[in-house]
Amino acid sequence: MWGNYNYNGESGWFQNKQVATGGIKLTKVSAKDANVKLQGAVFGVYSDESCDEEYLVGTMETDETGKATSNLIAEGTYWIKELEPLKDHNLEAKVIKVT
């Protein structure tokens, strides 16, 4: 979409580009029983597969139903990594690619 502006005596044209956004949803379940949903696990959302701190876009924590949802993020490829496991559970080492 194109528009024009007039500010302090200067005028011109600009293009308004919309960025597609969305979110990531996941469900954390027990490795022993997929019917058992796990609350309190914390995951990092990264914009680079290295999952270095500088690429951290946000975090999400599972609720009482085992579900977690990220904030709105630009369309693209992201990597999900568990940051804090539940008490008496192991940290999931696998990094999940999401597109």
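Caption draft 1: Seen up close, the layout of surface pockets. Of the volumes computed, that of the largest pocket is approximately 380 Å³. When grouped by side-chain class, the residues that make up the lining of the largest pocket number eight nonpolar, four polar and six charged.

Caption draft 2: Local environment of the side chain of K28. Following the sequence through the fold, K28 ends up in the loop between β4 (25–27) and β5 (42–46). Judged by its relative accessible area of 16%, K28 is buried. A distance of 3.5 Å separates the side chain of K28 from the side chain of E82, its partner in a polar contact. Setting aside chain neighbours within four positions, we find K28 in contact with V36, K37, L38, A41, F43, T62, G66, E82 and E92.

Caption draft 3: A look at the sheet that holds strand β9 (residues 78–84). Reading across the sheet, the four strands line up as β6-β5-β9-β10 and stay open at both edges, with antiparallel pairing between neighbours. Across the chains shown, the open sheet's two edge strands, defined by having one partner strand only, are β6 (56–61) and β10 (96–98). Pairwise comparison of adjacent strand axes, ignoring direction, gives a mean angle of 30 degrees for this sheet. With five bridges connecting them, β5 and β6 associate as antiparallel partners. Bridge pairing in β6 links V45 to G58.

Rules used in this analysis
Residues numbered from 1 in each chain as written. Predicted model: local features only at pLDDT ≥ 70, side-chain atom pairs only at ≥ 80, totals over all residues. Heavy atoms only, no water. 1 Å grid on protein atoms, 1.4 Å probe; cavity = no way out; pocket = protein on both sides within 12 Å on 5 of 7 lines; lining within 4 Å. Points joined across faces, edges and corners; volume = space filled by probe spheres on them. Nonpolar A, V, L, I, M, F, W, Y, C, P; charged D, E, K, R; others polar. Helix = DSSP H or I, 4+ residues; strand = E, 2+ residues; numbered from the N terminus. Buried < 20%, exposed > 50% of the residue type's maximum accessible area, 1.4 Å probe, protein only. Polar contact = N/O pair within 3.5 Å; in protein donor to acceptor, adjacent residues only side chain to side chain. Contact = heavy atoms within 4.5 Å. Pairing = 2+ DSSP bridges. Axes fitted to C-alpha atoms, helices over the stretch in contact; angles between N-to-C directions.

Keep in mind these values describe shape, not function.
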